[in-house]
Amino acid sequence: MRIVQKLQSTLWANEALQKLKEELDALLSSDSLHIPKEPGGWWHQYVCPEHHVELLFDPAERDAHSFQCPHGCCIEGEAYRGAWLVFKHQSMARYALQAAAVYAGIKEASYAELAKQIIINYAAQFPQYPVHPDAQPWMLKGRAFHQALTEAIWSTTILRACLLLHDEGVGFNETEKATLDVFLSMLEESMVQYRQILIHDRQNAENNYTAWLNASLSCVYAIRGEQELLQGLIDGEGGWKHHLSIGVKPDQFEFEGSTYYHIFVLRAYLISAEMAERFGVDLYHTQAEQGQSMRGMFDVLVGLADDQGMLPALHDGPLARVPFAREIAEIMEIGLAHYGNELYAPLLGEAYRQMDGEARRISLEALVYGEGDANLTNTGLLAGRNTLLLKDSGFIVGRKAGNPLSYLTDFGPHGGSHGHYDKLHVSIQYEGGTFTPDLGVVPYGSSLRKQWFAETVSHNTVSIDGQSQAEHSGHCKLFTESEQAVYTWLQSDGAYEGCILNRHLLLSGEWLLDWFEVQLSEERTIDWWMHPLVKPHAADGAWVRDSDGLGALGYAGHGYDQVKLTDYYETEEGDSLGLAEQLDLLPAPKMLTLHYTPDSDTTKSLHQAIVAFPGMSLLRVETPGTSIDPSQALSGLLQRQVGKQANFIQIYKLGPAVHASWEASEATGTVETNNEASTIEHAHGIGMNSSHGQLVISTRSQEAVCVLDHEQGLVVTWRDKHE
């Protein structure tokens with residue numbers, strides 16, 4: 001749909017166009033639309049070395065040599081200058097597209113001339129850039145930027161602006177055409193060369209780079225009208241269809257298991273599809289050999305999002321940042337226009353909320369790619385979604401009707417260079433968002449990327465003896481859905497030598513049981529981590545301040561040097577669950593309760609019932625914050641046990657706490673399963689901290705008796721209560 005048609009047929013397009021026009025007018029009046037002569041560097045270096053937060057960028061700033069941190073730091077240096085130049089060049093390309101879009105709406109020639117001026121100036125300047133001498137050795141070197149990848153992305157914005165002008169009848173004179181032809185030829189030569197290196201020399205066709213090299217070349221061929229070359233790019237080795245078949249798993253998720261790179265690759269696919277559509281070639285409904293498709297990639301995002309439409313930061317990728325939100329908005333506008341799935345709208349609304357503070361269509365992405373008047377604020381659309389199992393990628397989102405809680409867990413492949421040491425991680429979600437998210441990743445130039453955010457201890461899982469997990473893949477032993485509950489049994493035997501990790505998640509209509517069992521070949525220190533966005537408070541007992549702070553946990557490296565011990569738990573009876581001299585052995589397993597209250601809303605309090613076994617430490621720790629701003633510390637939860645075996649058992653419930661009890665048993669015990677008595681025998685000895693016992697969870701109407709069996713997993717007997 002042309003922009004002029006959107007002005008006539010939608011409720012939002014006129015306001016969006018006016019806002020974009022006013023922004024351009026302000027930039028023109030301040031003489032801010034200046035193209036730097038220097039090439040850009042690597043944007044990931046645009047990060048404060050002290051606070052590890054992305055530096056501030058003002059697109060209205062004509063030039064800059066010092067750079068501001070949100071916390072007041074003033075930073076200088078070539079790396080930061082190079083990163084700033086990336087943002088400046090990208091913003092100028094965006095303004096070319098914005099000016100073309102404004103022209104398309106109001107037909108004022110000055111905006112077409114502005115778009116042309118930016119395009120031709122870049123086309124003239126591009127041959128002056130050498131292959132970047134300052135690029136890092138691992139990079140495919142670009143001209144206008146350190147990375148060829150950044151160059152490919154930037155070029156698609158420039159060339160889409162050029163095509164929009166063409167569609168609106170705006171031409172170039174002979175001199176401009178000659179300048180543009182040189183640019184296109186050099187760009188084509190570079191992208192073809194980079195594809196040769198990736199696809200053939202390195203045998204790495206599935207790389208996310210490939211999708212963007214294809215997208216850039218698709219734009220070149222679309223401008224030139226070269227359908228045969230574009231078709232070859234679609235059908236050939238490393239081309240659009242081939243990449244879809246190897247870069248996306250059969251469950252429709254990008255092969256690195258990263259939400260960010262999934263969207264990154266999908267956006268490149270969509271640009272290629274847009275160019276193919278100009279020649280009457282439909283890639284929007286094309287499927288790869290194992291069923292992979294762009295529509296499937298969109299639908300996976302709907303399944304992964306929380307109830308507010310926010311996407312999880314699986315593996316490498318930011319939890320939230322405005323440029324990423326723009327990318328989400330762009331793809332979701334295109335997806336909504338082509339597939340008409342109303343469930344995309346809440347994800348689009350959340351992207352706009354992150355961009356502009358509210359879920360409204362007032363951005364460039366809306367004006368260029370949006371259609372219709374979908375309700376972007378109706379997040380209730382997401383409430384009734386089904387459980388999601390991505391068996392190839394190794395993610396599960398558990399949902400149960402009637403329960404506002406859900407969970408997302410990671411058990412699959414490591415994810416290559418963008419993977420984390422995070423197997424059996426669990427995020428707990430509710431209708432207001434996520435209590436315990438994956439924290440995301442800071443820009444790669446920050447030392448915290450690897451020293452904290454990729455390490456095991458920054459995830460909601462288990463670490464052993466102060467070490468991060470090995471790079472490995474876990475597996476799903478059992479996944480079932482019944483009238484009573486959704487059950488997931490995950491296992492990992494590759495995280496540590498001589499170690500088997502089992503995590504059992506049982507989601508009923510009212511509560512979530514999380515039973516994490518660790519089995520070791522020798523006695524070791526076992527740490528169970530949880531990173532909520534709100535502070536854990538004691539519902540019974542009390543937190544006691546610990547003065548040891550950093551280093552108190554006894555380990556350095558693997559993220560431990562980023563963790564500060566702040567408090568240990570003391571029961572109502574005065575038993576201390578701290579470390580060493582602050583640890584009193586409980587005489588028997590005991591139920592403890594914590595609660596979390598987001599945004600001071602007591603109606604949304606999450607209660608966590610914990611089975612505290614003798615010898616367990618229960619600690620509050622201070623850690624870096626999310627990737628949005630790591631300097632805003634979080635208060636995390638650490639449960640520690642020492643031994644050859646450990647069980648960490650939690651029951652979560654939104655609202656009033658669940659009533660639960662732990663009943664220790666002998667080596668042979670009898671439970672009822674499916675209304676028949678069955679005997680479960682255990683070959684090894686009994687300990688107070690072992691699975692030799694049963695957990696009883698009671699609500700007003702029902703009681704669940706849970707027993708862990710090494711062959712069957714979690715065996716649950718459901719008993720209705722009769723008033």
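The preceding data block contains the structure.
Residues numbered from 1 in each chain as written. Predicted model: local features only at pLDDT ≥ 70, side-chain atom pairs only at ≥ 80, totals over all residues. Heavy atoms only, no water.

A. The arrangement of the overall build of the chain in detail. If you tally the helices and strands in the chain, you get 15 helices and 26 strands. Expected size for 723 residues packed as a compact globule is a radius of gyration near 27 Å; at 28 Å, the chain falls within 12% of this value. Each principal axis of the C-alpha distribution contributes one length, and for the chain these read about 90 × 50 × 50 Å. Long-range contacts, defined as pairs at least 24 residues apart, comprise 67% of the intrachain contacts of the chain with a sequence gap of at least 6. Carbon and sulfur atoms provide 46% of the accessible area of the chain, an area that totals close to 26900 Å². (Helix = DSSP H or I, 4+ residues; strand = E, 2+ residues; numbered from the N terminus. Rg over C-alpha atoms; globule rule 2.2 N^0.38 Å. Contact = heavy atoms within 4.5 Å. Areas by Shrake-Rupley, 256 points an atom, 1.4 Å probe, with all protein chains shown as cover.)

B. Examining the environment of leucine 336 more closely. Relative to the elements of secondary structure, leucine 336 occurs in helix α12 (residues 322-339). When the C-alpha positions of leucine 336 and tyrosine 221 are compared, they lie 26 Å apart, and in sequence the two are 115 residues distant. In this structure, leucine 336 is in contact with Asn341, Glu342, Tyr344, Ala345, Leu348, Arg361 and Ala374, ignoring residues within four places of it in sequence.

C. Summary view of the state of the cysteines. Scanning the entire structure with this criterion turns up zero disulfides. Distance from the sulfur of cysteine 69, which forms no disulfide, to the nearest cysteine sulfur (cysteine 48) is 3.8 Å. Look at cysteine 69 and you get buried, because its relative accessible area is 3%. Cysteine 162 supplies the cysteine sulfur nearest to cysteine 219, a cysteine that is in no disulfide, at a spacing of 10 Å. (Disulfide = S-S within 2.5 Å. Buried < 20%, exposed > 50% of the residue type's maximum accessible area, 1.4 Å probe, protein only.)

D. Empty space enclosed by the protein, seen in detail. Taken as a whole, this structure holds three cavities of 30 Å³ or more when the rule is applied. Of the volumes computed, that of the largest cavity is approximately 100 Å³. In this structure, the largest cavity is lined by 14 residues; those nearest its centre are Met310, Leu311, Phe324, Ile328 and Gln354. Contributions of two or more residues to the lining of the largest cavity are made by α12 and α13 (344-356). Considering every element that reaches the lining of the largest cavity, the biggest residue donor is α13, with four residues. Taken together, the residues of the lining of the largest cavity sort by class into ten nonpolar, three polar and one charged. As a volume, the second largest cavity reaches approximately 50 Å³. Forming the walls of the second largest cavity are Val426, Ile428, Thr436, Asn460, Arg503, Asp514, Trp528, Trp529, Met530 and Tyr652. When contributions to the lining of the second largest cavity are tallied by element, the ones reaching two or more residues are β6 (425-430) and β12 (512-530). Per-element tally for the lining of the second largest cavity: the top contributor is β12, with four residues. (1 Å grid on protein atoms, 1.4 Å probe; cavity = no way out; pocket = protein on both sides within 12 Å on 5 of 7 lines; lining within 4 Å. Points joined across faces, edges and corners; volume = space filled by probe spheres on them. Nonpolar A, V, L, I, M, F, W, Y, C, P; charged D, E, K, R; others polar.)

E. Just the pattern of salt bridges, in detail. Tallying each qualifying case throughout the model produces 33 salt bridges. Between arginine 2 and glutamate 168 there is a salt bridge, with the nearest N and O atoms lying 2.8 Å from each other. Note that arginine 2 is positioned in the segment before α1 (3-9) and glutamate 168 in the loop between α5 (148-167) and α6 (174-201), a separation of 166 residues in sequence. For arginine 524, the salt bridge goes to aspartate 465, with nearest N and O atoms at 3.1 Å. Of the two residues, arginine 524 is situated in strand β12 and aspartate 465 in the loop between β8 (462-464) and β9 (475-481); the sequence distance between them amounts to 59 residues. (Salt bridge = Lys/Arg side-chain N within 4 Å of Asp/Glu carboxyl O.)

F. Structural detail: the nonpolar core. Judged by nonpolar contacts, the single largest core of 158 residues is most densely connected at Trp154, Leu180, Phe183, Trp212, Tyr269, Met294 and Met332. Top element by residues in this core is helix α3 (residues 78-106). It accounts for 17 residues. Filtering out sequence-adjacent residues up to four positions away, tyrosine 269 remains in contact with Ala211, Trp240, His243, Leu244, Val248, Met294 and Met297. Counting 44 residues, the second largest nonpolar core, distinct from the first, contains Phe435, Leu507, Leu520 and Ile610. (Core = buried A, V, L, I, M, F, W, Y, C linked by side-chain atoms within 4.5 Å.)

G. Quick look at the sheet that holds strand β24 (residues 693-698). Taken together, the four strands give an open sheet; going across it, the order is β21-β24-β25-β26, and neighbouring strands pair in antiparallel fashion. The two strands at the open ends of the sheet, each matched to only one other strand, are β21 (659-664) and β26 (713-720). Neighbour-to-neighbour, the strand axes of the sheet open up by a mean angle of 20°, direction not taken into account. Inspection of the sheet shows β21 paired to β24 by six bridges, in the antiparallel sense. Across the sheet, residue alanine 664 finds its bridge partner in β24, namely glycine 693. (Pairing = 2+ DSSP bridges. Axes fitted to C-alpha atoms, helices over the stretch in contact; angles between N-to-C directions.)

H. Here's a closer look at the pairing of strand β4 (residues 395-398). The alternating pattern of β4 places Phe395 and Val397 on one face and Ile396 and Gly398 on the opposite face, and all of these are buried. Strand direction decides the pairing type here: strand β3 (residues 388-390) and β4, joined by three bridges, are antiparallel. Residue pairing in the sheet places leucine 389 in a bridge with isoleucine 396 of β4. Between the end of β3 and the start of β4, which pair antiparallel, lie four residues, with glycine 394 showing a positive phi angle near 85°. With four bridges connecting them, β4 and strand β5 (residues 406-410) associate as antiparallel partners. Looking at β5, one finds that phenylalanine 395 is bridged to aspartate 410.

I. The arrangement of the pairing of β24 in detail. Burial analysis of β24 places six of its six residues in the buried class, which makes it a mostly covered element. Taken together, β24 and the strand that follows it, strand β25 (residues 702-709), pair antiparallel across an intervening segment of three residues.

J. Spotlight on helix α4 (residues 109-125). Taking 1.5 Å per residue, 17 residues should reach 24 Å; α4 reaches 24 Å between its end C-alpha atoms and fits that length. Close packing links the buried residues of α4 with α2 (13-29), α3, α5 and α6. (Expected span 1.5 Å × (residues − 1).)

K. Main features of α2. With 17 residues, α2 should cover 24 Å at 1.5 Å per step; its first-to-last C-alpha distance of 24 Å lies within 8% of that length. Of the positions making up α2, those classed as buried are Ala13, Ala16, Leu17, Leu20, Lys21, Leu24 and Leu27. Taken end-on, α2 shows its buried residues confined to a sector of 130°, consistent with a single buried face. Aspartate 31 sits one or two positions beyond α2 and adopts a positive phi of about 55°. (Arc of directions from axis to C-beta.)

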